[in-house]
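Observations on the model geometry
Each chain, written out:
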Amino acid sequence: MKRKAQSQAVGHKPAKKKSKKTSLSDDEAKKRFRKGLFDKDVLDKYTQGYAKSTPYKHSVIHELIDDTLLRSVREEIKDNVSFTPKETDIYKIHQSGDLANLDGLDDEALARLPSLLALRDAIYSQAFRDYVAHITGCGPLSGRKTDMAINVYTPGCYLLCHDDVIGSRKVSYILYLTDPDIPWKAEWGGALRLFPVRTIKGKDGQVAKTPAPDVSKVIPPAWNQLSFFAVQPGESFHDVEEVYHAESKEQLQKEGGRVRMAISGWFHIPQVGEAGYVEGAEEKQAKNSGLMQLQGNPDQYDMPQLNPVPVEQPQSGSQEEFDEADLEFLLKYMAPTYLTPDTLERILEEFEEEASITLPNLLGKKFAKRLRDYVAAQDSAPLPEDAAEIEKGAWRVAKPPHKHRYLYLQPDNAATSKKNGKSKKEDSPIRELLEEFLPSPQFRRWLQMATDSVIESHDFVARRFRRGKDYTLATGHQGKPRLELSLGITPTSGWGEEDEEEEAAAEEEEGLEDTKANGKGKGKAKPKAEASKKNKNGKKEPEEEEEEEEEEVEVGGHEVYMAGDDDAENEDAAVYKSSGDDDNILFFQAAAWNKMSLVLRDSGTLKFVKYVSHKAPGDRWDITGSFEVEEGDDDGGDDDDDNEGEGEGEEEAGGGDGGKTGVLDDTEEEEWNGFSSSEDSDSD
């Protein structure tokens, strides 16, 4: 997964003239670092420590820069640099503008950042490049190609697992500028975390590398601390732990806001004209990086693997009606309103128009209560931290973490351990959904009637996204459009939508009427938590301020369908929130209870489940289904039958008939026998 910060305007008019880097003598450069750093015994100590470090070679240097200089840098940044909140599938941060690379700044801008410029020149000086090269043994490093950005992580911000492999990067580093007078505490989060790599030898003898799901090295932030490591394709996997929210506003103020400010950057291989430059080396490195990522076919070790089950095609006319036995079976699980001909006709009408639909309260009350009691009990029970311990039970951990991480259960990996004469499989209503209801001929027939599709195969997975841990990153799938099902079974409320059972009546009576009265035609009324975000900028009522501030915390866990970016130069393909711009969001569904969405998707749409914050009210639970369907004459999808993807939960994409993207457009809300025809497509 390749990511790189994009430059944005700082807010001043650029001058024509751009600065040139100052070449520092060794003596001048060394004065900008702490005294004694360049002593031979100190260098030898770091070199030896680097060689022995695990899970891959890395180093941590405390008190790197002259303290007075670094304090000046921090003040300059606070006074002169603006930051833009930005979110993709892989991170949530505040990024600096044109400082993504200081070479892009003009003299006028740099005049306001003399200490930052002095720091940049010191870090990329010959003296310090040689210092880093000696410790890492990576060979010569470029002093001409500087690559540094200022990122700020506030509570709720994070960066998920990746390996930093882009272009000519050779060494990755991060220099912390946290508050020098309020020492950072490890329990605040924000640590740099390193993942061990599993080396697997396949049956064909090929060796593949893939990161393990659990981190093995945690490096908390500290003022004036430098962490660095050589960028290694398929090996240097790391993330930045979420900065955790404080218990109260007063505590947060006392702790300086928990602002994790840092300069992140890379040293690159020598460029043309520099000592150590080798013609074609950059191209070779890029090629080798890709080959090393694919060597040994690591995708074969991704979990969960697709497990589509072919189904028998119904005989002509056999799906028009349900007999008494069919209805009796379906009523064991489904709400009666969804089995009436009028309701099915309405669902089909909406689905054919929009290529998607959301159905609340799909499960009948009796089964829903049993399911909710079971999931709520599991949600509140403690879980082991270690993946190996978790996998001693029925659930497995999705891997590798640079693609996805969550707990999952498939129909074919039931727990076989016995308890009181019964297996866990028999006791679980989740297992009943996976193995009895959803794959049943009766539900398949209902689904075909509701979507006017012919289902060729099905694949189901139950997922649990643990708060403070889990997510899927954005991917598409290859091949023809497919029908996707997502049944939300999250028992907790507070995910950005009203609790369906407790708030449905108020939603209908107040929220929907307000929406229609305002003439917005935007579908379902905004949930309270979302509305509070939209009504900022001084417009909040004084008596509501305390409540709205509490509700403003975004906890993630929402599933996002978004338009794929055809711009090959945009390495942040999954940018879905930047400066309030979320126009590329096609469909947004917060974690919810007893709500099913159906979407027809093609390979032109990305999909991911946003990282679940530690602040979330619980874990996100759902059951996802993927159905291969027979294409009609007017389908807008590709006829290619290659439907291999990355794995369940992140390999599906979007689409629909006649070029539709398979998402819910903003339309006026209608209530039809207990189901809603549209959902909010906002990303908040």
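Please refer to the structure placed before this passage.
Calculation notes
- Residues numbered from 1 in each chain as written.
- Predicted model: local features only at pLDDT ≥ 70, side-chain atom pairs only at ≥ 80, totals over all residues.
- Heavy atoms only, no water.
- Helix = DSSP H or I, 4+ residues; strand = E, 2+ residues; numbered from the N terminus.
- Buried < 20%, exposed > 50% of the residue type's maximum accessible area, 1.4 Å probe, protein only.
- Contact = heavy atoms within 4.5 Å.
- Axes fitted to C-alpha atoms, helices over the stretch in contact; angles between N-to-C directions.
- Parallel < 35°, antiparallel > 145°, perpendicular 65-115°, else oblique.
- Left-handed = near helix turned anticlockwise from the far one by under 90°.
- Nonpolar A, V, L, I, M, F, W, Y, C, P; charged D, E, K, R; others polar.
- Polar contact = N/O pair within 3.5 Å; in protein donor to acceptor, adjacent residues only side chain to side chain.
- Salt bridge = Lys/Arg side-chain N within 4 Å of Asp/Glu carboxyl O.
- Pairing = 2+ DSSP bridges.
- Patch = residues over 30% accessible without salt bridge, like charges linked within 9 Å, V, L, I, M, F, W, Y side chains within 5 Å.
- Areas by Shrake-Rupley, 256 points an atom, 1.4 Å probe, with all protein chains shown as cover.
- Lys, Arg positive; Asp, Glu negative; His and termini not counted.
- Charge placed at Lys NZ, Arg CZ, Asp CG, Glu CD.
- Phe/Tyr/Trp six-rings, centres within 6.5 Å; stacked < 30°, edge-to-face > 60°.

**Let's talk about the overall build of the protein**
- When helices and strands are tallied, the protein shows 18 helices and 31 strands.
- Buried positions account for 54% of the 684 residues belonging to the protein.
- Long-range contacts, defined here as pairs at least 24 residues apart, represent 82% of the contacts in the protein between residues at least 6 apart.

**A word on the packing of helix α3 (residues 67–80) against helix α5 (residues 114–123)**
- In the contact formed by α3 and α5, the axes pass within 7 Å of each other and the chain directions differ by 125°. Comparing the axis directions of α3 and α5 gives the class oblique. Crossing angle aside, the handedness with which α3 passes α5 is left-handed. Contacts from L69, L70, S72, V73 and E76 of α3 reach α5 at P114, S115, L116, A118 and L119.
- By residue class, the composition of the contact of α3 with α5 is seven nonpolar, two polar and one charged.

**Remarks on helix α14 (residues 429–437)**
- Within α14, seven of the nine residues are buried, leaving the element largely enclosed by the surrounding structure.
- At the N-terminal end of α14, a side-chain oxygen is found 3.2 Å from the backbone nitrogen of I430, two or three residues along, and the residue is S428.

**As for the pattern of salt bridges**
- Within this structure, the stated rule accounts for 32 salt bridges.
- Here K78 makes a salt bridge to E75, at a shortest N to O gap of 3.9 Å. Residue K78 and its partner E75 are located together in helix α3, separated by three residues, close to a single helical turn.
- Two residues, K469 and E385, come together in a salt bridge whose shortest N-O distance is 3.0 Å. With K469 in the loop between β21 (455–465) and β22 (471–472) and E385 in the loop between α11 (365–380) and α12 (387–390), the pair connects residues that are 84 residues apart, well separated along the chain.
- Owing to a relative accessible area of 56%, E385 belongs among the exposed residues under this scheme.
- Residues participating in the shared-partner salt-bridge network are R463, E484, E559, R601, K607, R620 and D622.

**So, the sheet that holds strand β26 (residues 585–589)**
- Strand order in the open sheet formed by three strands is β26-β24-β28, with antiparallel pairing between adjacent strands. Looking at strand neighbours, the two that pair on one side only are β26 and β28 (605–609), the edges of this open sheet. With direction set aside, neighbouring strand axes in the sheet form an average angle of 15°.
- Pairing geometry for strand β24 (residues 559–563) and β26, over four bridges, is antiparallel. Looking at the pairing, Y561 lines up with F587 of β26.

**A short note on the pairing of strand β3 (residues 91–96)**
- Burial of β3 is extensive: five of the six residues sit out of reach of the surface.
- Summarising the sheet, strand β2 (residues 83–87) and β3 pair through five bridges and their orientation is antiparallel. Paired with F83 across the strands is S96, a residue of β3.
- Linking β2 back to β3 in an antiparallel pair, the connection comprises three residues.
- Relative to strand β5 (residues 158–162), β3 is paired through two bridges, and the arrangement is antiparallel. What sits directly across from Y91, in β5, is L159.

**Focus on a negative patch on the surface**
- There is a patch of like negative charges on the surface, built from D342, E345, E349, E352, E353 and D452.
- With respect to the secondary-structure elements, E349 resides in helix α10 (residues 341–354).

**Details of the packing of aromatic side chains**
- If you walk through the whole model with that rule in mind, you get 22 aromatic pairs.
- Summarising the aromatic geometry, the rings of F128 and Y131 are spaced 5.9 Å apart at their centres and angled 15° between planes, so their arrangement reads as stacked. With a gap of three residues between them, F128 and Y131 both fall in helix α6 (residues 126–136), about one helical turn apart.
- Assessed through its relative accessible area of 3%, Y131 is described here as buried.

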